[in-house]
Amino acid sequence: MQTGFIGLGNVGGKLAGSLLRNGIDLTVHDLDPDLVAGFTTRGAQAAQSPAQMMQDCDAVITCLPSPAASDAVLRQMLPHVGPGKIWMEMSTTDEAEVQRLGSQVIAAGGAAVDCPVSGGCHRADTGNISIFAGCDRATFERILPLLKTMGRRILHTGELGSASVLKVMTNYLATANLLTLCEALVTMKGAGMDLATTYQAIAISSGTSFVHETESQVILNGSRDINFTMDLVKKDIGLFQSIADRAGVPLEISPLMISIFEDGIRRYGMRAQSDDIIRRLEEATGLDITAPGFPAEMVDDEPEEPGYEVHVPSRIS
């Protein structure tokens, strides 16, 4: 299957790298020519435009920073969509928007999938990230080999749009966990506890989590480099709030989280690393939340493994 990939940023570049590393016939496109050149020197082809990519490829994957960017790219591709063509949206986006764009692809005779990822850039880099996929089952079967190449655990979530709803939820939960870990680390420092010991206490307890095992480490190192910025956090938790608003769920924690990150953006800028949010508490207390022995960035040390479909228990016959 001739595959195209548009958007070679922090996450997209790593997902596309897994495809190329595993022998997929890959065409790439990005507004940054240096990112494209990094792929063509490794054997990928370069498309001059999204339109050309949809013309030349069977499946085109987009991994872009905003719904507006996805809309702009799809407008260019849509005239060239027809039977056999697949659009795979791997951006974190709004359910209604991916359904709106996907319906245009389907109306033109193609197939549409929302297939966002979860697990961090370090796992995207090794092909060990998790992927949700929202589409009809027949389309899912067609794209499953590509998903297994980019990720390890693949979950078919239901119809188009369902993956985006679940992805936004997971990012909301991760952000909530980040904020509580920031408060826990600063409080423990204020109480006189050793931060390395605090990290281990959390890690072996009921309080541990994926976020603690990854983001707490780069917080304690001081780099705070998790390859995810505050503007993206604000976008994602805002999308979750929109889902709740549409469902009529009166959330209490979510608005506070949005307010905290709005304040973080005012202080440190939109492109500040999301883990820099702990600086608000460091500045308020005068405490330094760093400790020796923690890495500056996360690296996935698990070997790359073939992906597989994760089955929902109620669907197993």
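In this report, we go over the structure that sits alongside the text. (Residues numbered from 1 in each chain as written. Predicted model: local features only at pLDDT ≥ 70, side-chain atom pairs only at ≥ 80, totals over all residues. Heavy atoms only, no water.)

1. Some points on the overall build of the protein chain
Next up, step 1: If you tally the helices and strands in the protein chain, you get 13 helices and 10 strands.
Next up, step 2: Here the C-alpha atoms of the protein chain give a radius of gyration of 20 Å, agreeing with the 20 Å that 2.2 N^0.38 yields for 317 residues.
Next up, step 3: Along the three orthogonal principal directions, the C-alpha set of the protein chain runs to about 65 × 50 × 45 Å.
Next up, step 4: Across the 317 residues of the protein chain, 51% fall into the buried class.
Next up, step 5: Considering only contacts within the protein chain whose residues lie at least 6 apart along the sequence, 70% involve residues at least 24 apart.
Next up, step 6: Summed over its atoms, the accessible surface of the protein chain is roughly 13900 Å², and 55% of this surface lies on carbon and sulfur atoms.
Next up, step 7: Distance between charge centroids for the protein chain: 1 Å, based on 24 positive and 39 negative side chains. (Helix = DSSP H or I, 4+ residues; strand = E, 2+ residues; numbered from the N terminus. Rg over C-alpha atoms; globule rule 2.2 N^0.38 Å. Buried < 20%, exposed > 50% of the residue type's maximum accessible area, 1.4 Å probe, protein only. Contact = heavy atoms within 4.5 Å. Areas by Shrake-Rupley, 256 points an atom, 1.4 Å probe, with all protein chains shown as cover. Lys, Arg positive; Asp, Glu negative; His and termini not counted. Charge placed at Lys NZ, Arg CZ, Asp CG, Glu CD.)

2. A few points about helix α10 (residues 210-221)
Next up, step 1: The terminal C-alpha atoms of α10, which comprises 12 residues, lie 17 Å apart, in line with the 16 Å expected from a rise of 1.5 Å per residue.
Next up, step 2: Of all 12 residues in α10, nine are buried; the element is thus mostly enclosed.
Next up, step 3: Along its buried surface, α10 packs onto α6 (121-126), α8 (162-190) and α9 (195-203).
Next up, step 4: Note on α10: the residue one or two positions beyond its end, Gly222, has a positive phi of about 100 degrees. (Expected span 1.5 Å × (residues − 1).)

3. Section: the pairing of strand β6 (residues 111-114)
Next up, step 1: Along β6, one buried face is formed by Ala111 and Val113 and the opposite face, lined by Ala112 and Asp114, is buried too.
Next up, step 2: Both strand β5 (residues 86-89) and β6 contribute to a ladder of four bridges, which runs parallel. Paired with Met88 across the strands is Val113, a residue of β6.
Next up, step 3: In this region the chain leaves β5, passes through helix α5 (residues 95-107) and returns to the parallel neighbour β6; the handedness of that crossover is right-handed. (Pairing = 2+ DSSP bridges. Right-handed = clockwise from strand over helix to strand, strands pointing away.)

4. Here we look at the environment of Ser18
Next up, step 1: With respect to the helices, strands and loops of the structure, Ser18 is situated in helix α1 (residues 12-21).
Next up, step 2: Taking the C-alpha atoms as reference points, Ser18 and Asp125, 107 residues apart in sequence, are found 7.0 Å from one another.
Next up, step 3: Residues in contact with Ser18, not counting those within four places in the same chain, are Ala124, Asp125, Thr126, Gly127, Thr149 and Met150.
Next up, step 4: Among the polar contacts listed, one links the side chain of Ser18 to the side chain of Arg21, at a separation of 2.9 Å. (Polar contact = N/O pair within 3.5 Å; in protein donor to acceptor, adjacent residues only side chain to side chain.)

5. Focus on the packing of α9 against α10
Two quantities define a packed helix pair, namely the angle between the helix axes and the distance between the axes.
Next up, step 1: Running from amino to carboxyl end, α9 crosses α10 at an angle of 175 degrees, the nearest separation of the two axes being 11 Å. Taken together, the axis directions place α9 and α10 in an arrangement best described as roughly antiparallel. Contact residues: Leu195, Tyr199, Ile202 and Ala203 in α9; His212, Glu213, Ser216, Gln217 and Leu220 in α10. (Axes fitted to C-alpha atoms, helices over the stretch in contact; angles between N-to-C directions. Parallel < 35°, antiparallel > 145°, perpendicular 65-115°, else oblique.)

6. What to know about the side chain of Thr198
Next up, step 1: You can see Thr198 is positioned in helix α9.
Next up, step 2: Judged by relative accessible area, which is 7%, Thr198 ranks as buried.

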